[in-house]
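# Tertiary structure, described
The primary structure of each chain is shown beneath.
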Amino acid sequence: MILNTGARTDTVQYFTPWLLKRFEEGYVLARNPLFPNKVTRYELSPDKIDLIMFCSKNYKPILKDLHKIMDNYPVYFHYTITAYGKDIEPGVPDIKTSIETLKELSSLAGRKRISWRYDPVLLTKKYSIQKHKEIFATMAELIAPYIDRCIFNFVELYKKLQSNMPELIVFSDNEKEELARYMGQVAKKNRMTIQTCGKNGDYTKYGIGSSGCATLKILGQANGLDFKDLKHKGLREGCHCIESRDIGAYDTCMNGCKYCYANKNPQKAFDNYKYHNPNSPLLLGELKETDIVIQGNQKSFLKKEFLAKQITLDI
């Protein structure tokens, strides 16, 4: 099983003590976002977890304790650092601070286990095509030596985003081509692997890959793991990423990003934070008498012969 800590919220930035406590106690509970009375329990022993996948915009809170996880589990980190300031990402550290934290993370985890996400790429009067070009080029030169790859996506224009960001300008196909071509050139110059993820067009002619950002191949190569060759549906339509189990909760991320899909509105996350108990097995709130707890499916994706080899080494 791939354990995902950051798809629904920035767990590392705001809930690191809770996350460390869950590994210390050896299990975690996750509430079903569609059926709130249904709760899934996942065992966190190393024999039940193939790999832990992180996604955050600020790894600083966990760096000093990261060894407690990395000593026992394979890991992979997605680090989102974009061109935007506090006007769009009010709770996110500035670019300079983020890059310094990324360098620290790379020294601990190794560059092969880190993806830099320049994502989503969106257009406003302030964040123009030219602005993206300038910032991306500067960031790529600083970041390339410390990462495995760069992943970018053009923003998806879902309905909530259009109301949250009236200043948003819709990309034309030509503008996407222009920016993708430039980003491909910058990546080549810095010897940096670059790719999109999901349904974002075909830019392979610019040296931009189109594989999923969390495939078993990427995760396996980064950690020396031998995964099965599995057919799967991905995480959503057009996605090639391997299925993972998320232990976070929606409406809990206080980064306040205007393009966020995981919060109904920024204030709700702050309102919900008062229900967070670092000692609870649930990220938000406590287990109720009316809750139905089921054991999660934790089937391994590793090849049997690799599992057998690992067991032998452990003995």
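In this report, we go over the structure that sits alongside the text. (Residues numbered from 1 in each chain as written. Predicted model: local features only at pLDDT ≥ 70, side-chain atom pairs only at ≥ 80, totals over all residues. Heavy atoms only, no water.)

## Structural notes on the packing of helix 4 (residues 129-143) against helix 6 (residues 173-189)
- It is the contact of helix 4 with helix 6, at a shortest axis distance of 10 Å, that shows an interaxial angle of 15 degrees. The orientation of helix 4 relative to helix 6 falls into the category roughly parallel. Handedness of the helix 4/helix 6 crossing: right-handed. Residues Ile129, His132, Lys133, Phe136, Ala137 and Ala140 of helix 4 lie in contact with helix 6, whose contacting residues are Glu175, Glu178, Leu179, Tyr182, Met183 and Val186.
- A class-by-class count of the residues in the contact of helix 4 with helix 6 yields eight nonpolar, one polar and three charged. (Axes fitted to C-alpha atoms, helices over the stretch in contact; angles between N-to-C directions. Helix = DSSP H or I, 4+ residues; strand = E, 2+ residues; numbered from the N terminus. Parallel < 35°, antiparallel > 145°, perpendicular 65-115°, else oblique. Left-handed = near helix turned anticlockwise from the far one by under 90°. Contact = heavy atoms within 4.5 Å. Nonpolar A, V, L, I, M, F, W, Y, C, P; charged D, E, K, R; others polar.)

## Points about the sheet that holds strand 2 (residues 27-31)
- Within the open sheet, the three strands sit side by side as 2-3-10. Their pairing is mixed. In this open sheet, the two edge strands, each paired with only one partner strand, are strand 2 and strand 10 (292-295). Here the average twist between neighbouring strands, direction ignored, is 30 degrees. (Pairing = 2+ DSSP bridges.)

## Observations regarding the pattern of salt bridges
- Evaluated as defined, the whole model comprises 16 salt bridges.
- Between Glu100 and Lys103 there is a salt bridge, with the nearest N and O atoms lying 3.6 Å from each other. Within this pair, Glu100 and its partner Lys103 are both found in helix 3 (residues 95-109), separated by three residues, close to a single helical turn.
- Notably, a salt bridge pairs Asp148 with Arg149, separated by 2.7 Å at the nearest N-O pair.
- According to the relative accessible area criterion, Arg149 is buried, its value standing at 14%.
- Because the salt bridges share partners, they merge into one network encompassing Lys21, Arg22 and Glu25. (Salt bridge = Lys/Arg side-chain N within 4 Å of Asp/Glu carboxyl O. Buried < 20%, exposed > 50% of the residue type's maximum accessible area, 1.4 Å probe, protein only.)

## Structural notes on the pairing of strand 6 (residues 114-121)
- Strand 6 sits mainly inside the fold: eight of its eight residues count as buried.
- Of the strand pairs in this sheet, strand 5 (residues 75-80) and strand 6 are connected by four bridges, and their pairing is parallel. If you follow His78 over to strand 6, its bridge partner there is Ser115.
- Bridge count for strand 6 against strand 7 (residues 149-154) is five bridges, and the pairing is parallel. The residue of strand 7 that forms the bridge with Arg117 is Ile151.

## Description of the sheet that holds strand 6
- One open sheet holds the seven strands; their spatial order is 8-7-6-5-4-1-9, and the pairing between them is parallel. Where the open sheet ends on each side, the last strands, each with one partner, are strand 8 (194-195) and strand 9 (245-246).
- As defined by bridge partners, strand 1 (residues 2-4) adjoins strand 4 (residues 51-56) across three bridges and the pair is classed as parallel. Looking across to strand 4, one finds that Ile2 is bridged to Leu51.
- Running at roughly 170 degrees to strand 5, helix 3 makes contact with strand 5 and strand 6 of the sheet.
- Taken strand by strand, helix 7 (residues 216-223) contacts strand 1, strand 4, strand 5, strand 7 and strand 8, and its axis lies near 115 degrees from that of strand 5.

## Structural notes on the nonpolar core
- Within the largest apolar cluster, 78 residues are counted, with the highest numbers of intra-cluster contacts made by Phe54, Phe77, Trp116 and Tyr118.
- Among the nonpolar cores identified, the runner-up in size contains 18 residues, and Leu51, Cys241, Phe301 and Leu302 belong to it. (Core = buried A, V, L, I, M, F, W, Y, C linked by side-chain atoms within 4.5 Å.)

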